[in-house]
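Listed here are the chains, written in short residue letters.
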Amino acid sequence: MEVGSLPVELWRVILAYLPLPDLGRCCQVCRAWRELILSLDKTRWKQLCLRCPECRHPNWPSRPHMEPPSWREALKQHAIATRTWTQNGPELQSTACLIFFRRRKDRRVWHVGPGCEFETLRGALGVVGPYDRVVLHPGVYEEQAEVTLKVPVELVGLGRLGEVALLVCMEQQCPTARLCNLVFMPPWFSTVVYKTSWGHVQIDNCNFEGAQLQVRGPGTCQARFCSFSQGSSVQLLGVVLSLLDSCDFSGSDTASVTVEGPPVFEKNWACKHMAALARTFPSCGMSAHNSSPKGPQAGFTGGPQHLDAHLKKEHVSMEDWKRRTGVDAVCQGTIIEDGWSEGEHSEVEEENHDGGGTNNIKKQFTLDYKIPFDNHGLSHLLKHQPDGSLPLASSPDPPSVTPELLTLQQELDRDPDSHMLAVSTRGCILTRCLFRDGKGGLHMSNFGQARLEENVFRGLNYAVRCIQNSIIVMLRNEVCECRASGVFLRLSAEGLIAENNIHSNGEAGLDIRKGANPTVVCNKIHSGLRSGVVVLGNGKGAIRSNQIYNNKEAGVYILFSGNPVVSGNHIFQGLAAGIAINENGRGIITENVIRENQWGGVDIRRGGDPILKNNYICYGYSDGVVVGERGRGVIEGNHVYCNKGCGVWVMSSSLPQLLGNYIIHNCMYGLAVFCRKDPENIEAREGNWAGQEGIGGDGISGERREGEGREGQENFNDEGELFAWESDLDSEDERHSARRSISVALVESNCISYNGVGLYVKSSEALNVFANLVNSNHGPGIAVLQSSQLTRLVANCILENGRGGVTVEKDCRVELRGNGIYGNSGHGVSFCGNGQIVENDVIGNLGYGIQVSGSVDIKVLRNRVQPAQGCAISVLGPVKGVVHDNLLFQGHPGSKKTLLHMDLCNESCVLRNNSIQGHNNSCTLAQPWVLKNPPPRPLASSSTGFSSSQYPSRLGISMTTRISATVESGCHNGSMFCTIL
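Residues numbered from 1 in each chain as written. Predicted model: local features only at pLDDT ≥ 70, side-chain atom pairs only at ≥ 80, totals over all residues. Heavy atoms only, no water.

Enquirer: Honestly, the overall build of the chain in this entry has me stumped. Any pointers?
Expert: For the chain, the count of helices and strands is 21 helices and 75 strands. Put simply, the chain has 981 residues, and 62% of those count as buried. In the chain, of all internal contacts separated by at least 6 residues, the share reaching a separation of at least 24 is 55%. As displayed, the chain has an accessible area near 36,800 Å², and 50% of this comes from carbon and sulfur atoms. (Helix = DSSP H or I, 4+ residues; strand = E, 2+ residues; numbered from the N terminus. Buried < 20%, exposed > 50% of the residue type's maximum accessible area, 1.4 Å probe, protein only. Contact = heavy atoms within 4.5 Å. Areas by Shrake-Rupley, 256 points an atom, 1.4 Å probe, with all protein chains shown as cover.)

Given below as structure tokens:
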């Protein structure tokens, strides 16, 4: 009959009455009939799938509300899976094959139950032949001794699941067997209800209540649509391959699934069939896992707004960001401390602040005696890009593009080892299972191997615990609401953890320690009650291309010699620091986007010594980078911008190396060096940090608290690993042997622009500041308020800042050498401390060129100075020292100030060999003054740009010895981070 003879709707009604075999025959009639049969997917095929007594909803148990992509395909997969146990024939000898094939064709069906052929299971098993079916009628069957299966057999419960219950302990001694539609409960003499050590067992649609399933290699197991409740568990010992598909684990007293021991060398016949079956499983309902995080995006109001794998370029102006985030109030009144006066202001500077004077003076200066300085050694940082765009150092807007997240396929393409793990099928394969409301999900030990795909772990103490050289592959799982950490890796465990959704856990989402070295890529780790990822106790790992957000503590927390590679992640909207490196933590942290965190974007303290390179640290609600007490590390090539606090905040006897960073558009200070300690309050501050950031939680004693402080939870310290890492800590010599050791904090080749204040120093320790570009900041370029040890400012360019170029307050020790100080709106140099001002170019500043005042001892030697208006060099008060061999240029013919001024009462300062070039000399418009021999400072030979190939010693300048100091009371009124502490 032709399909077109009746309406399609009528055909569908007729075909809905056909059983499965007849539907298959109809598909073979012709193409039109096949398409008609396939169109019944959501009607007849759905009915057949749901009414099958041997299976459940295809997405049971984790997502039963979601329909599969195809009901027909789901039924097909079920039919293929149920036949695995019968496919061992070709593996046998030829004569045996004939016997098995003959018996399969006419295999018998035995009935067990009241009024049937057999009343006991043992009696039926004594007479069955190979591949016979034993049908158990509703009832409870109990055996007082262990039952042995000696021939392949199929045990099937009749009726609905739960009507047939077995209280038995069965041992399989045959190549294959199948169990279906049964409830297993432990007998009085054993908790193990089924065990096999060399054969294959297939279990479909069964319940285990308080019972254990035990499989020992080379035995294998395939369990589908099974429920393990009331403390039931699966123990896999040395298995080559076992498959647990769509199972429900709940109420476990220990781990629901235990995988122990390396896979044995001998393989079971079923291994290749299960491996092929595992590769055919469809990825049902994975769109939810691959979607973007909606919650955090809704609240994002500034900066780059696309966090998924394909980011778009978006123009963000500084004014728009301030307006949308409301940072104007924060920026006002926090640039300079209360009561700080930048020396004595000149008349010119006072006119500027009154309004209207700056533009006039700049105009007059431009028309008269301007000395060009555009070709100084760092001028390449201010030149237009080849595409005509402004460079970051001179752009009034922050960067609008951040690195994209790589996809999993891109990550696997560049990492062959991870690609091999992603396609591997060895050990235990867990797919589409639900682990809930118990103690543990999966426990792996002693070189065990497992693959977890599309499972849900919810409401457990922990989801996965992988120790002792075990290898785990986790793909597209959901791990949530665990009372401790979600995933633990210990004792040299390895593996691939990719595209998982790990969220809302009581401790860290991922806990890596004791030499564990996993690859963690493309996951979403968020909404944790503590840290997102914690690495400690010599833990390693590669943490790449993850979205880590909205965690209550640090997104990534590294401590106690943890040494991971953290690369290409987006770490955002955390309630504490983005990345925290504490207690001798290390790590290589590169190319991450760290933004919108409540505390510092990166926090380094207490011996933390990372390599922080090429990251984007932006839009934070506090400081960009915080280097705290005893912090170290190389901070190189980062973009630190648009943070409400400081760009980089350096505290308390730390020794960082800041090399080639862009520190721009931060509300308060670009770089603040503040190292005074309050002896009375430091313990309270450290205690607060420990409590807030998890030193007592994810770090040292979190697991101990889990075991001792919460009733009924596991004591994770049972292996004595809590403090065992202490003996493994590297010595200081080993830790720093591969890196150039320094004794003074180093700030070199950075670009510090458009901040409140460029560089702010209020420290009791030595500091070296070399070859930096400090320009266009709203306040002074460099302000040194306290420096009892020597602060060296060498070969820097301090350009066009909103107030003075360099300000040095009373009792400070500072050396200025080889700097270019150009076009600032206040004094070029205002110096009230002790030290030297040697071989600097101080040109075009609207205040005095160099003003020295107070009871100080200073040398002002071989400088070239030209003020816009006013004195070139002014010596005020009882200054001691020498001012000689300086070259002074007239700035404006209308200036009434002498170029070189010293108070008449000063008899202790020596003026000698200073050369004055005034407007009556040979300078004309046709023959302007120029800076030559040498050209404008800083000299190009003093800096090679932002290349780090020769960091940090290319200048060949001797370092002074660092001496430890204490931080004084009050720390700083403006730092948001210190306010929290």
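There is more to say after this.
Enquirer: When you look at the environment of L421 in this model, what are you seeing that I'm missing?
Expert: Counting through the fold element by element, L421 comes out in helix α16 (residues 416–422). When its relative accessible area of 23% is taken as the criterion, L421 is described as partly exposed. Residues L421 and M474, 53 residues apart in the sequence, show an inter-C-alpha distance of 9.9 Å.

Enquirer: Hey, could you run me through helix α3 (residues 31–38) in this one?
Expert: Each α-helix winds once per 3.6 residues, and so residues spaced three or four apart point in a common direction. Looking only at α3, the buried set comprises W33, L36 and I37. When α3 is viewed along its axis, its buried side chains cluster within an angular range of 95° and face the same direction. Opposite the buried face of α3, by more than 90 degrees, sit the exposed residues R31 and E35. (Arc of directions from axis to C-beta.)

Enquirer: What's the story with helix α2 (residues 20–27) in this structure? I'm lost.
Expert: Looking only at α2, the buried set comprises L23, C26 and C27. Axial view of α2: buried residues confined to an arc of 105°, hence all on one face. Away from the buried face of α2 by more than 90 degrees, exposed residues P21 and R25 are located.

Enquirer: Where do I start with the pattern of salt bridges in this structure?
Expert: Side chains that differ in sign of charge can pair as their charged atoms come close. Considering all chains together, one arrives at 29 salt bridges under this definition. Residue D511 pairs with R513 through a salt bridge whose shortest N-O separation is 3.0 Å. Across the pair, exposure class does not vary: D511 and R513 are buried alike. In this structure, the salt-bridge partner of E553 is R530, at a minimum N-O distance of 3.4 Å. Separated by 23 residues along the polypeptide, E553 in the loop between β36 (547–549) and β37 (556–559) and R530 in the loop between β33 (524–526) and β34 (533–536) bring together distant segments of the chain. Residue classification places E553 among the buried residues on the basis of a relative accessible area of 6%. Residue R530 is classed as buried on the basis of its relative accessible area, which comes to 9%. Each of R451, E453, E454, R476 and E499 takes part in salt bridges that share partners, so that together they form one network. (Salt bridge = Lys/Arg side-chain N within 4 Å of Asp/Glu carboxyl O.)

Enquirer: Explain the packing of α2 against α3 to me, please; I cannot follow it from the model alone.
Expert: What describes two packed helices is the angle between their axes and the distance between those same axes. Here α2 crosses α3 at 140°, and the two axes come no closer than 7 Å. As far as their axial angle goes, α3 and α2 are oblique. Judged by residue contacts, L23, C26 and C27 of α2 engage W33, R34 and I37 from α3. Across the contact of α2 with α3, the residue classes break down as 5 nonpolar, no polar and 1 charged. (Axes fitted to C-alpha atoms, helices over the stretch in contact; angles between N-to-C directions. Parallel < 35°, antiparallel > 145°, perpendicular 65-115°, else oblique. Nonpolar A, V, L, I, M, F, W, Y, C, P; charged D, E, K, R; others polar.)

Enquirer: Is there a simple way to think about the pairing of strand β29 (residues 494–498) in this case?
Expert: Two faces belong to every sheet, and in a regular strand the side chains alternate between them. Counted residue by residue, β29 has 4 buried out of 5 residues, so it is predominantly covered. Inspection of the sheet shows strand β26 (residues 471–475) paired to β29 by 5 bridges, in the parallel sense. Note on β29: the bridge partner recorded for V473 is L496. Where β29 meets strand β32 (residues 517–521), 5 bridges bridge the pair, whose relative direction is parallel. Within β32, the position partnered with L496 by the bridge is T519. (Pairing = 2+ DSSP bridges.)

Enquirer: Mind showing me how you'd approach the packing of helix α1 (residues 8–15) against α3 here?
Expert: One way to put it is that α1 packs onto α3 with a least axis distance of 10 Å and a crossing angle of 70°. With respect to α3, the axis of α1 lies roughly perpendicular. Across the interface between the two elements, V8, W11, R12 and L15 of α1 pack against W33, L36 and I37 of α3. When the residues that make up the contact of α1 with α3 are grouped by side-chain class, the tally is 6 nonpolar, no polar and 1 charged.

Enquirer: What am I meant to see in the packing of aromatic side chains here?
Expert: In this description, a pair of aromatic rings is defined by centroid distance and the angle of the planes. Tallied over the entire structure, the rule returns 14 aromatic pairs. Consider the rings of F184 and F208, whose centres lie 5.0 Å apart with planes at 15°: the pair is stacked. Of this pair, F184 sits in strand β9 (residues 183–185) while F208 sits in strand β12 (residues 207–209), placing them 24 residues apart in sequence. Judged by its relative accessible area of 0%, F208 falls in the buried class. (Phe/Tyr/Trp six-rings, centres within 6.5 Å; stacked < 30°, edge-to-face > 60°.)

Enquirer: I would appreciate a short explanation of the pairing of β26 in the present structure.
Expert: The buried count for β26 comes to 4 of 5 residues, which makes it a mostly enclosed element. Relative to β26, strand β23 (residues 449–453) is paired through 5 bridges, and the arrangement is parallel. Across the sheet, E453 pairs through a bridge with L475, a residue of β26.

Enquirer: Explain unusual backbone geometry to me, please; I cannot follow it from the model alone.
Expert: Across residues other than glycine, the phi torsion is negative in most instances, and most of the peptide bonds are trans. The omega torsion across G217 and P218 is 5°, close enough to zero to call that bond cis. At the junction of R937 and P938, the peptide bond is cis and its omega measures out at 0° in the coordinates. With respect to the element layout, P938 can be found in the loop between β75 (915–917) and α21 (976–980). Even without being glycine, N181 reaches a positive phi, approximately 60°.

Enquirer: Honestly, the environment of V127 in this entry has me stumped. Any pointers?
Expert: Looking at the secondary structure, you find V127 in the loop between α7 (121–125) and β2 (132–136). Taking the C-alpha atoms as reference points, V127 and W110, separated by 17 residues in sequence, lie 9.4 Å from one another. When sequence neighbours within four positions are dropped, the list of residues in contact with V127 reads W110 and F118.

Enquirer: I'm lost on the confidence of the model for the chain in this one. Help?
Expert: It should be kept in mind that the predicted coordinates are not to be read in detail where pLDDT is low. When pLDDT is averaged across the chain, the result is 80; 75% of the residues are at 70 or more. Low pLDDT (under 50) marks residues 921–925, which in the prediction has 7 contacts with non-local residues, meaning those over four places away or in another chain. (pLDDT = per-residue confidence, 0-100.)

Enquirer: How should a nonpolar patch on the surface be read in this particular structure?
Expert: Taken together, L10, V13, I14 and Y17 make up a surface patch of nonpolar side chains, about 420 Å² in accessible area. Looking at where I14 falls in the secondary structure, it is placed in helix α1. Assessed through its relative accessible area of 38%, I14 is described here as partly exposed. (Patch = residues over 30% accessible without salt bridge, like charges linked within 9 Å, V, L, I, M, F, W, Y side chains within 5 Å.)

Enquirer: Looking at this structure, how should I read the environment of Q598?
Expert: Here Q598 lies in the loop between β42 (593–595) and β43 (602–604). The class of Q598 is partly exposed, set by a relative accessible area of 34%. When the C-alpha atoms of Q598 and D623 are compared, they prove to be 8.8 Å apart, with 25 residues separating the residues in sequence.

Enquirer: Explanation requested: the side chain of S485 in the structure shown.
Expert: One can find S485 in the loop between β27 (478–480) and β28 (487–489). The buried category is assigned to S485, whose relative accessible area is 2%. Once residues lying within four places of it in the same chain are set aside, the contact partners of S485 are N461, Y462, A463, E507, A508 and D511.

Enquirer: I tried to follow the state of the cysteines on my own but got confused; where do I start?
Expert: Disulfides are covalent bonds that connect the sulfur atoms of two cysteines. According to the stated counting rule, one finds 0 disulfides in the structure shown. For the unlinked cysteine C832, the closest cysteine sulfur is that of C812, found at 9.0 Å. Classification of C832 by relative accessible area gives buried; the value is 13%. (Disulfide = S-S within 2.5 Å.)

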